[in-house]
Amino acid sequence: MSTDPASTAIGEPAVSVVGLHRHFGAVHALRGIDLEVRPGEIYGLVGPDGAGKTTAIRTMAGLLDPDQGQVRVFGMAPDDVAVREFVGLMPQRYSLYGDLSVGENLDFFRQLFCLSKAHAAERIARLLELTRLSPFVDRRADDLSGGMYKKLALACALLHEPRLLLLDEPTNGVDPVSRRELWELLGEFVGQGMAVLVSTPYMDEAERCHRVGLLHDGIMVAEGQPGRLVRELDHPVFVVEGGDRAAVQALVEGAPEVRAASPAGARLRVVVIPGRTEALVVRLSPLGAHLVPARADYEDVFLARIGADHDGTVAA
Amino acid sequence: MSLPSHEHVVEVKDLTRRFGDFTAVDRVSFHVEHGEIFGYLGANGAGKSTTIRMLCGLLAPTEGDAVVAGARISRRPEKVKRNIGYMSQKFSLYPELRVRDNLEFFGGAYGLWGRELDMRIDEVLGLVDLRGHEGDRTQELPGGIRQRVALASAILHRPGIVFLDEPTAGVDPVARRRFWSLIRALASSGTTIFVTTHYMDEAEYCGRVGLMVAGRLPALDTPDGLKATFAPGRLWMIRGSGLAGTDAVARLRALPGCLDVQTQGAGLRLRVAMDSPVDEAAIAAALPGPVEVEDTVASLEDVFLAVVDADAQKAGTARAFDGGAA
């Protein structure tokens, strides 16, 4: 059963995933995830390497079959040929031909999507302008900086005017200026009604999405509007002030009240298990250290949700 | 090998390096204190790697000089090399060798041998928490573990300062946190750390941070100090249907004390001066439809962009380095 994507009502999901499982041999990469991305929405799939982000994206792009569960893109199976022209995919790496120039790569993708030269010319010029790649149209893709390479990959994924854009870690390894530019571009495209699913290992990028799913070990540990995830965090967060730094660190690492600790400049930041703040204060006071409330961030949310079991250690 | 604590481990004065007509590093001066974690940031092509190569005695300065771990880089680069540890963004380990073989090789290169080398290998493996991995073949290790082996190989000879050149590139965030935990431990035992990175969240872990733009060092301070200087004021992230199809950016720019408005994905990032009367209600009132206004904090990324923009304005070009080669 298939519907015409062009008639999809506003608000109907561009992509929907229900109970998705995927194994690779003994590795259970996705353990039952659900998500939906609607037109005009940026959905952030946030999590560390190995969380299952790429597997999820490849499944939504129709490149990988689910072991269990269902994926629908504009109501169709993701590997349906008819759905391909509505989906743009920017893989994590090696999506371009390194020996071809910026212009040649764009022309290659133009032909791949059977766009006429005349039809695509304006679009290509616009994408080159938006990505500020116009001056480099003759440069080989392999000679581009990391940020420029990513922008070219984005331009190629956008060439056929997809209505769903799947981006796998577009900002990984790019410098801060290119990172801001990429998010600025996403803002512009989504404003025109495109649905965007973007994966990222950077927790701080969560605030730039309409909704986020925090993925860890193939499980969605939290999902929702980014501001709400932070506001509704039940774990108090503090910066530890005073005391000898090494002694404080040793104590905090062993303290049962602490879910996670991380460096904050020269100090330590701690996520405390609900209801255990008093006990930690008592524990710290002989060292001359005290707790100062801090504003929770997305990394705190993530650490609180995954608990202390993963990684075992407290990074500090 | 370590210096008396009142001396600076690194003292850089007017350091300059030209390649033909191109000035890669332009009269850079700074110092690094004993036991400090010093972060060195910059975009690709800003001159970070050229600076590090000079400080490690691998490249002679065109002008200016630096004293690193007690030796002058212009006169005694060989001594500099012996006194420092270095770990590059591309791990310098031999992939076919086992962990122990790699450490023996690097220890040997620094003149360690016999019982001393054995003891030291055991010590550094303990420090990076990899005892029991001696027999693992290096290429079969995950990136995060390999990175710890590379760190171990860089500190075998007990250098007073270790240069880490983008040590965590390509390593996942959990492994990165773990790596930084080791770096902290190393610093608190007295080893000075000089680290380049372009992960801005990682730069937050440094005691002080220098920011290179187009060969110069226009910003150097603690992370908090940099934010106060280059990204002062209050910040909000604004999302919601009230932004769609409107002149939201212009409306926000018209708010009293507005310093900056940026489109960032799902929303707009607004920064206003500290003394501006603008609050969340004023922001919501300035926009025609419903919005969610969430306060947020300045990051070193904000600092980075502010410094780069200020530099570009001075030079009369827009983000000049953006056209830089890989």
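Placed above this text is the structure.
Now for a look at the structure at hand. These numbers come from a predicted model, not from an experiment.

### Topic: the overall build of chain B
At step 1: Counting its regular elements, chain B contains 11 helices and 14 strands.
At step 2: Expressed as lengths along the three principal axes of its C-alpha atoms, the size of chain B is roughly 75 × 45 × 40 Å.
At step 3: Residues counted as buried form 53% of the 326 residues belonging to chain B.
At step 4: Long-range contacts, defined here as pairs at least 24 residues apart, represent 68% of the contacts in chain B between residues at least 6 apart.
At step 5: Carbon and sulfur atoms provide 51% of the accessible area of chain B, an area that totals close to 13,500 Å².
At step 6: Averaging the coordinates of the 37 positive side-chain charges in chain B and doing the same for the 42 negative ones gives two points 5 Å apart.

### What about the overall build of chain A?
At step 1: Tallying secondary structure elements over chain A gives 10 helices and 13 strands in all.
At step 2: By principal-axis analysis of the C-alpha atoms, chain A measures approximately 75 × 45 × 35 Å.
At step 3: Within chain A, buried positions represent 54% of all 316 residues.
At step 4: Long-range contacts, defined here as pairs at least 24 residues apart, represent 71% of the contacts in chain A between residues at least 6 apart.
At step 5: Summing over all exposed atoms, chain A offers an accessible surface of approximately 12,900 Å²; the carbon and sulfur share of this is 51%.
At step 6: Within chain A, the 43 negative side-chain charges are centred at a point lying 1 Å from the centre of the 32 positive side-chain charges.

### Digging into helix α5 (residues 143–155) of chain B
Every α-helical turn comprises 3.6 residues, leaving residues that sit three or four positions apart pointing alike.
Residue and element names in this part refer to chain B.
At step 1: With 13 residues, α5 should cover 18 Å at 1.5 Å per step; its first-to-last C-alpha distance of 19 Å lies within 8% of that length.
At step 2: Burial within α5 is extensive, with 11 of its 13 residues counted as buried.
At step 3: G144, I145, Q147, R148, V149, A150, L151, A152, S153, A154 and I155 are the residues of α5 that are buried.

### Concerning the sheet that holds strand β13 (residues 290–293) of chain A
Residues and elements named next belong to chain A.
At step 1: Strand order in this open sheet of four strands is β11-β12-β10-β13, and the pairing throughout is antiparallel. The sheet terminates laterally at β11 (258–264) and β13, the two strands that pair on one side only. Averaged over all neighbouring strand pairs, the angle between strand axes comes to 35 degrees, with direction disregarded.
At step 2: In this sheet, strand β12 (residues 267–272) lies alongside β11 in antiparallel orientation, the contact comprising six bridges. Looking at the pairing, S262 lines up with R269 of β12.
At step 3: Across the sheet, helix α9 (residues 277–284) lies against β10 (237–241), β11, β12 and β13, angled at about 135 degrees from β13, the strand it touches most.

### Here we look at the sheet that holds strand β2 (residues 22–32) of chain B
All names here are of chain B.
At step 1: In space, the four strands of this open sheet follow the order β2-β1-β4-β5, with antiparallel pairing throughout. Strand pairing shows two members of the sheet lacking a second neighbour, β2 and β5 (71–72), which therefore form its edges.
At step 2: Sheet analysis places strand β1 (residues 10–19) next to strand β4 (residues 63–68), joined by five bridges and oriented antiparallel. By the bridge assignment for β4, V12 is matched with A66.
At step 3: Against the sheet, helix α1 (residues 48–55) engages β1, β2 and β4, with an angle of about 120 degrees to β1.

### Brief notes about the packing of helix α8 (residues 223–230) of chain B against helix α11 (residues 300–315) of chain B
Residues and elements named next belong to chain B.
At step 1: Direction vectors running N to C along α8 and α11 enclose 50 degrees, while the axes themselves pass 9 Å from each other. Here α8 is positioned oblique relative to α11, judged by the angle of their axes. Note on packing geometry: the crossing formed by α8 with α11 is left-handed. Seen from α8, the contacting residues are P223, L226, K227 and F230; seen from α11, they are L300, V303, A306 and V307.
At step 2: Residue composition of the contact of α8 with α11, by class: seven nonpolar, no polar and one charged.

### Considerations on the packing of aromatic side chains
At step 1: Overall, the coordinates contain 14 aromatic pairs over all chains when judged by the stated rule.
At step 2: Put simply, the rings of B:F30, B:F38, B:Y40, B:F163 and B:F194 pair up and form one aromatic cluster.

### So, the packing of helix α3 (residues 99–109) of chain B against α5(B)
Residues and elements named next belong to chain B.
At step 1: Where α3 contacts α5, the two axes come as close as 9 Å, and the packing angle between them is 25 degrees. Regarding the angle of α3 to α5, the classification is roughly parallel. The handedness of the crossing between α3 and α5 is right-handed. Between α3 and α5, the contacting residues are V99, L103 and F106 on the first element and V149, A152 and S153 on the second.
At step 2: Residue composition of the contact of α3 with α5, grouped by class: five nonpolar, one polar and no charged.

### Describing the nonpolar core
At step 1: Within the largest apolar cluster, 60 residues are counted, with the highest numbers of intra-cluster contacts made by A:I42, A:L152, A:L165 and A:V196.
At step 2: Considering every element that reaches this core, the biggest residue donor is helix α5 (residues 146–158) of chain A, with nine residues.
At step 3: In contact with A:L165, other than residues within four places in its own chain, are A:G88, A:L154, A:A157, A:L158, A:L186, A:M194, A:A195, A:V196 and A:L197.
At step 4: Counting 53 residues, the second-largest nonpolar core is a separate cluster that includes B:A187, B:I193, B:Y205 and B:L226.

Each value, and the rule that gives it
Residues numbered from 1 in each chain as written. Chains lettered and ligands numbered in written order. Predicted model: local features only at pLDDT ≥ 70, side-chain atom pairs only at ≥ 80, totals over all residues. Heavy atoms only, no water. Helix = DSSP H or I, 4+ residues; strand = E, 2+ residues; numbered from the N terminus. Buried < 20%, exposed > 50% of the residue type's maximum accessible area, 1.4 Å probe, protein only. Contact = heavy atoms within 4.5 Å. Areas by Shrake-Rupley, 256 points an atom, 1.4 Å probe, with all protein chains shown as cover. Lys, Arg positive; Asp, Glu negative; His and termini not counted. Charge placed at Lys NZ, Arg CZ, Asp CG, Glu CD. Expected span 1.5 Å × (residues − 1). Pairing = 2+ DSSP bridges. Axes fitted to C-alpha atoms, helices over the stretch in contact; angles between N-to-C directions. Parallel < 35°, antiparallel > 145°, perpendicular 65-115°, else oblique. Left-handed = near helix turned anticlockwise from the far one by under 90°. Nonpolar A, V, L, I, M, F, W, Y, C, P; charged D, E, K, R; others polar. Phe/Tyr/Trp six-rings, centres within 6.5 Å; stacked < 30°, edge-to-face > 60°. Core = buried A, V, L, I, M, F, W, Y, C linked by side-chain atoms within 4.5 Å.

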